Amino acid sequence: MDHLADYFKVFSEPNRLAVLEALRAGPLNVTAVVEATGLSQALVSKHLKLLTIAGVVQRRPEGALVYYAVIDAAVFQLMAEAQRLLLESRRQQLNALAAIL
């Protein structure tokens, strides 16, 4: 369970999720991720490094540039399912509050 918890921690940072979302369309270099997210170059590099270490993203050097890509697109399904669960939970909370009021 510790390994699973560590894996989920990878997805617990909003900027990291933004980086992953930028990579949804395919491989990008750091500059393109910066442009897509509006994050600083240093922050994007940091998150790409963490995502690479976690095994979520792979890096591919190409000349002077390095391109990053999500290894398994199922990551986006995981993110979508987590969003769905969150929305359902919030909906249930709102319904419970409405019943009280």
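Scroll up a little and you will see the structure.
Since we're looking at a predicted model, the values are computed, not measured.

Caption draft 1: The sheet that holds strand S3 (residues 65–70), seen in detail. The antiparallel open sheet is built from three strands, whose spatial order is S1-S3-S2. The two strands at the open ends of the sheet, each matched to only one other strand, are strand S1 (28–29) and strand S2 (57–62). Here two bridges tie S1 to S3, and the two strands are oriented antiparallel to one another. Within S3, the residue paired with Leu28 across the bridge is Tyr68. Running over the sheet, helix H4 (residues 41–53) touches S2 and S3 and is turned about 115° from S2.

Caption draft 2: Just H4, in detail. Between its terminal C-alpha atoms H4 stretches 18 Å, which fits the 18 Å expected from 13 residues at 1.5 Å a residue. Turning to H4, its buried residues number three or more, namely Val44, His47, Leu48 and Leu51. Buried positions in H4, seen along its axis, are confined to an arc of 100° and lie on one side of it. Residues of H4 that are exposed and angled more than 90 degrees away from the buried face: Ala42, Lys49 and Ile53. Lining the buried residues of H4 we find helix H1 (2–10), helix H2 (14–22), helix H3 (30–37), S2 and S3. Looking one or two places after H4, you find Gly55, whose phi comes out positive at around 85°.

Caption draft 3: Geometry of the pattern of salt bridges. Applying the stated criterion across every chain yields a total of five salt bridges. A salt bridge links Glu21 to Arg24; its shortest N-O distance comes to 2.7 Å. Between Arg84 and Glu81 there is a salt bridge, with its nearest N and O atoms 2.7 Å apart. Taken together, the residues span about one helical turn, with Arg84 and Glu81 both in helix H5 (residues 74–100) at a distance of three residues. On the basis of relative accessibility, which here comes to 43%, the residue Arg84 falls in the partly exposed class. We classify Glu81 as partly exposed; its relative accessible area is 35%.

Caption draft 4: Highlighting the side chain of Arg16. Note that Arg16 resides in helix H2. Comment: no salt bridge for buried Arg16; closest opposite-charge side chain is Glu13, at 5.0 Å. A polar atom in the side chain of Arg16 sits 3.1 Å from the backbone oxygen of Val10. Setting aside chain neighbours within four positions, we find Arg16 in contact with Lys9, Val10, His47, Leu50 and Leu51.

Caption draft 5: Spatial organisation of the nonpolar core. Counting 19 residues, the largest nonpolar core has Leu20, Leu23, Leu48, Val56 and Val57 as the members making the most contacts within it. In contact with Leu20, other than residues within four places in its own chain, are Phe11, Leu51, Val56, Val57, Val70, Val75, Phe76 and Met79.

Caption draft 6: Up close: the pairing of S3. Sheet analysis places S2 next to S3, joined by six bridges and oriented antiparallel. Bridged to Arg59 within S3 is Tyr68.

Reading the values: the criteria
- Residues numbered from 1 in each chain as written.
- Predicted model: local features only at pLDDT ≥ 70, side-chain atom pairs only at ≥ 80, totals over all residues.
- Heavy atoms only, no water.
- Pairing = 2+ DSSP bridges.
- Helix = DSSP H or I, 4+ residues; strand = E, 2+ residues; numbered from the N terminus.
- Contact = heavy atoms within 4.5 Å.
- Axes fitted to C-alpha atoms, helices over the stretch in contact; angles between N-to-C directions.
- Expected span 1.5 Å × (residues − 1).
- Buried < 20%, exposed > 50% of the residue type's maximum accessible area, 1.4 Å probe, protein only.
- Arc of directions from axis to C-beta.
- Salt bridge = Lys/Arg side-chain N within 4 Å of Asp/Glu carboxyl O.
- Lys, Arg positive; Asp, Glu negative; His and termini not counted.
- Polar contact = N/O pair within 3.5 Å; in protein donor to acceptor, adjacent residues only side chain to side chain.
- Core = buried A, V, L, I, M, F, W, Y, C linked by side-chain atoms within 4.5 Å.

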